[in-house]
Amino acid sequence: MEIPTIVGAGLIVIGASLGIGRIGGQAMDAIARQPEASGKIQTAMLIAAALIEGIGFAALFAA
Amino acid sequence: MEKLIEEFSFGLFFWQTLIFVGLVLLLGKYAWKPILSAVNEREQGIKDALDAAAKAQDEMAQLNASNEKLLQQARQEREQMLLEARQFKDKLMAEAKEQAQAEGEKLLAQAQAVIEGEKKAAVEDLKKQVASYAIEIAEKLLKSELSAQAKQDQLVENLVKEIKIN
Amino acid sequence: MKYQRIIFKVALALTMMVTAGVAAAESPKENHTGGADLKTEIKEYIQHHLQDSYDFSLYSYTDEQGKHVYVGAPLPVILWDNGLQVFSSAALHHGETVAESNGNFYALAHGKIYKTDAQGTLSYDDHHHITNPKPLDFSMTKSVVAMLLVGALMFFLFRGLAKSYAAHGGVPQGFARLFEPIVLYIRDDIAIPNIGHKHYGKYMSYLLTIFFFVWFLNLMGLTPLGVNVTGNIAVTFGLSLLTFLVTNLTANKNYWGHIFWMPGVPLPMKILLAPIELLGVVIKPFSLMIRLWANMSAGHIVLMSLIGLMFIFHNWIGSSLSFVLSFVLSILELLVAALQAYIFTMLSSLYFGFANEEAHH
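On a predicted model such as this, the values are computed, not experimentally measured, just so you know.

It is worth spelling out the overall build of chain B at this point. Of regular secondary structure, chain B possesses 3 helices and 0 strands. Seen in sequence order, chain B has helices and strands lined up from the N terminus as α-α-α. For 166 residues, the compact-globule estimate of 2.2 N^0.38 gives 15 Å, and chain B exceeds it by more than 25% at 65 Å. Taken along the three principal axes of its C-alpha coordinates, chain B extends 200 × 35 × 25 Å. Surface summary for chain B: the accessible area is close to 13,900 Å², and the carbon and sulfur share equals 61%. Where the 23 positive side-chain charges of chain B centre and where its 28 negative ones centre are 5 Å apart.

Glancing now at the packing of helix α6 (residues 233–249) of chain C against helix α8 (residues 267–313) of chain C. Residues and elements named next belong to chain C. The N-to-C vectors of α6 and α8 enclose an angle of 150°; their axes lie 8 Å apart at closest approach. Our classification of the angle between α6 and α8 gives roughly antiparallel. Taken as a pair, α6 and α8 cross one another with a handedness that is right-handed. Contact residues: α6 offers Ile 233, Thr 236, Phe 237, Leu 239, Ser 240, Thr 243, Phe 244 and Asn 248, while α8 offers Val 281, Pro 285, Leu 288, Met 289, Ile 290, Leu 292 and Trp 293. Residues that form the contact of α6 with α8 fall into these classes: 11 nonpolar, 4 polar and no charged.

Buried accessible area, meaning the area lost when the parts come together, often serves as the stated size of an interface. Counting from both sides, the interface comprises 34 residues of chain B and, opposite them, 50 residues of chain C. Both faces combined, the contact of chain B with chain C buries some 3,700 Å², and carbon together with sulfur accounts for 76% of it. The largest share of the area that chain B buries against chain C comes from Leu12(B), Phe20(B) and Trp32(B), three residues that together contribute 19% of it. Between the two partners, chain B and chain C, sit 2 salt bridges. The partner of Arg42(B) in a salt bridge is Glu180(C), and the shortest N-O contact between them spans 2.9 Å. Run the count over chain B and chain C and you get 8 residue pairs in polar contact (both at pLDDT 80 or more). Looking at the side of chain B that touches chain C, the elements that each hand over two or more residues are α1 (2–7) and α2 (10–146) of chain B. Tallying contributions element by element places α2(B) first for the side of chain B that touches chain C, with 27 residues. Residue composition of the side of chain B that touches chain C, grouped by class: 23 nonpolar, 6 polar and 5 charged.

Glancing now at the sheet that holds strand β3 (residues 76–80) of chain C. All names here are of chain C. The 3 strands are arranged β4-β3-β8 in an open sheet whose pairing can be described as antiparallel. The open sheet has two free edges, formed respectively by β4 (84–88) and β8 (136–137), since each of these has just one partner strand. When β3 meets β8, the two strands line up antiparallel, connected through 2 bridges. Opposite Trp 80, over in β8, you have Leu 136 as the bridge partner.

Time to look at the interface of chain C and chain A. On the side of chain A, 9 residues touch chain C, which itself brings 12 residues to the contact. Of the roughly 920 Å² buried at the junction of chain C and chain A (both faces included), carbon and sulfur atoms supply 78%. The largest per-residue losses of area from chain C upon contact with chain A belong to Ile290(C), Arg291(C) and Met346(C), which jointly make up 37% of the total buried on that side. If you look at where chain C meets chain A, you find 0 salt bridges. Counting across the chain C and chain A interface gives 0 residue pairs in polar contact (both at pLDDT 80 or more). Sorting the residues of the side of chain C that touches chain A by element identifies α8 and α9 (316–356) of chain C as the ones contributing at least two each. With 6 residues, the single largest contributor to the side of chain C that touches chain A is α8(C). Classifying every residue of the side of chain C that touches chain A gives 8 nonpolar, 3 polar and 1 charged.

In this section: a nonpolar patch on the surface. On the surface, Phe10(B), Phe14(B), Leu18(B), Trp80(C), Leu84(C), Val86(C) and Leu136(C) cluster together to form a nonpolar patch covering roughly 680 Å² of accessible area. Contributing elements (two or more residues each) for the nonpolar patch: α2 of chain B together with β4 of chain C. The element that contributes the greatest number of residues to the nonpolar patch is α2(B), accounting for 3 residues. Of the residues examined, Phe14(B) reaches a relative accessible area of 33% and is grouped as partly exposed.

This part takes up the pattern of salt bridges. Should the charged atoms of two oppositely charged side chains come close, the side chains can pair. All told, the structure shown has 3 salt bridges over all chains when counted by the stated rule. With a closest N to O distance of 2.8 Å, Arg187(C) and Glu43(B) form a salt bridge. Of this pair, Arg187(C) sits in helix α4 (residues 180–195) while Glu43(B) sits in helix α2, on two different chains. Among the charged side chains, a salt-bridge network with shared partners connects Glu43(B), Arg187(C) and Asp188(C).

To continue, consider the confidence of the model for chain B. Of the residues in chain B, 96% reach a pLDDT of 70 or more, and the chain-wide mean stands at 86. Across chain B, the secondary-structure element scoring lowest on mean pLDDT is α1(B), at 70, and the one scoring highest is α2(B), at 89.

Turning our eyes to something else, we now look at the packing of aromatic side chains. Using the criterion set out here, one finds 28 aromatic pairs over all chains in the structure. For the ring pair Tyr255(C) and Trp256(C), a centre distance of 5.0 Å and an interplane angle of 75° mean the geometry is edge-to-face. We classify Tyr255(C) as buried; its relative accessible area is 8%. Pairwise contacts between aromatic rings join Trp32(B), Phe158(C), Phe179(C), Phe211(C), Phe212(C), Trp215(C) and Phe216(C) into one cluster.

Moving on, we come to the sheet that holds strand β5 (residues 99–101) of chain C. Residues and elements named next belong to chain C. Spatial strand order, β5-β6-β7: 3 strands in an open sheet with antiparallel pairing. Two strands close off the open sheet at either side, each with one partner strand: β5 and β7 (112–116). Recorded for the sheet is a direction-independent mean angle of 35° between the axes of neighbouring strands. Across 5 bridges, the pairing between strand β6 (residues 104–109) and β7 is antiparallel. By the bridge assignment for β7, Ala 107 is matched with Tyr 114.

Reading guide: rules and limits
Residues numbered from 1 in each chain as written. Chains lettered and ligands numbered in written order. Predicted model: local features only at pLDDT ≥ 70, side-chain atom pairs only at ≥ 80, totals over all residues. Heavy atoms only, no water. Helix = DSSP H or I, 4+ residues; strand = E, 2+ residues; numbered from the N terminus. Rg over C-alpha atoms; globule rule 2.2 N^0.38 Å. Areas by Shrake-Rupley, 256 points an atom, 1.4 Å probe, with all protein chains shown as cover. Lys, Arg positive; Asp, Glu negative; His and termini not counted. Charge placed at Lys NZ, Arg CZ, Asp CG, Glu CD. Axes fitted to C-alpha atoms, helices over the stretch in contact; angles between N-to-C directions. Parallel < 35°, antiparallel > 145°, perpendicular 65-115°, else oblique. Left-handed = near helix turned anticlockwise from the far one by under 90°. Contact = heavy atoms within 4.5 Å. Nonpolar A, V, L, I, M, F, W, Y, C, P; charged D, E, K, R; others polar. Buried area = accessible area lost by both parts, 1.4 Å probe. Salt bridge = Lys/Arg side-chain N within 4 Å of Asp/Glu carboxyl O. Polar contact = N/O pair within 3.5 Å; in protein donor to acceptor, adjacent residues only side chain to side chain. Pairing = 2+ DSSP bridges. Patch = residues over 30% accessible without salt bridge, like charges linked within 9 Å, V, L, I, M, F, W, Y side chains within 5 Å. Buried < 20%, exposed > 50% of the residue type's maximum accessible area, 1.4 Å probe, protein only. pLDDT = per-residue confidence, 0-100. Phe/Tyr/Trp six-rings, centres within 6.5 Å; stacked < 30°, edge-to-face > 60°.

Written as structure tokens, this is what we have:
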């Protein structure tokens, strides 16, 4: 049985959004704990999110 | 993916690159460089002003400290001077006392000496006077005694008796 | 502020629920009133909107005779096909007629120009792909015009800002002053932390230009002009190619050392890591390209679909709700426009930072 690629794309999107959601949530926690480091945390958060997003897109287009 | 490659328009890519590179160069020369240098200059100016203010404050504090130090020194000096003056006064007073005492003693001694001399002279005088009185009395006595021959003889005899020939 | 947020959230949730409900309720009705036809039309319209076009059309309508009328300006078409072929896109009539230039014939199909014969016949292969030859196309398309407009706007804006510094003794005046904090933000919070104090200077022009270029183009895509420039793969490819070139051309020895001969790991790992790292060099700008393109395209698709929904619903409740939703989404897209420009700049500067990292082992 062949799984349609759209299902794979959906799975990728679910995975990527879970990952980005986790990054965002953890970053919020970190900022709440150390508001003075919010700039650094934001930068790190964006980079990590962007990397996951990149993988997500790459897989999405491969699909 | 395939669709993307098909969609890719080389002409658009070409124009985009051209426009963008041109924009980077043009803006870099005419906009970003002057903006950034102006901003840097302004920031440098603010930093300099702040530095100057901090330096002035520092100097002020230093001045205050040195003032304090000077005051302290002056106070100390005054204390020292007062102390010295007191010591000097004490010394002076002691000296004066001593001198006065010495002088007094000397005067006393002199007075005593004078008194002693006077006394001596007076005694001498008295002695002389007494002697002269005695002589006078003796003379008178002798005169009256020796006016009688017998008595004279008597005397001689006594005297002779007294004389012992050794 | 807090109340506003709560109200906003509640409104959004309500809108979504009601829209979904109405959509479910309405869908059977649409099926027998020719809604499917409208849907394909909207789909085609969105598809068309996402693509570049050879003329700057503001809107189009169908007149009483059933003829398409386009309002806008034609743009020059520049082709390289046995010499330079230049003609106005008006000659193509939006794909309705065949244009002729120096004895060559060109037809517009699916937003691309193909070389044809005088009748404009197009031949297809088994997969419905057009097999006609494509001339090298350097046309001044809608996107090129948009980029030129943004370029001119940026030049006048920032030239004005630069001049106002000189004129007012270091304190800018006027409208361009709004952008000074952004310039400072890019310098202090993007360039310096990522690249370092020593090297950031030489990248500032590039970073500032790319930020404002992408931002303004993103914003331009949200205007009624609807030019989807940053949602075009050729444009994002060009931008990320430049980041790739700048990164690798200014890279120092340490950077290449980390790619080909990772210090501090055993020999087999070094051999294993080299191809991975080398792949990473390409993947980094590739992800930049895909990210910007996908975000902008997706934003446009969703926004256009919501606007299209208004016509599909064709009733007071559904249409007004999808209007509200598309309005809210437009505001979100404003944020995305700035965010994507920021991320592009941020990641570019991060890569420049990698290229300039000093050895510290």
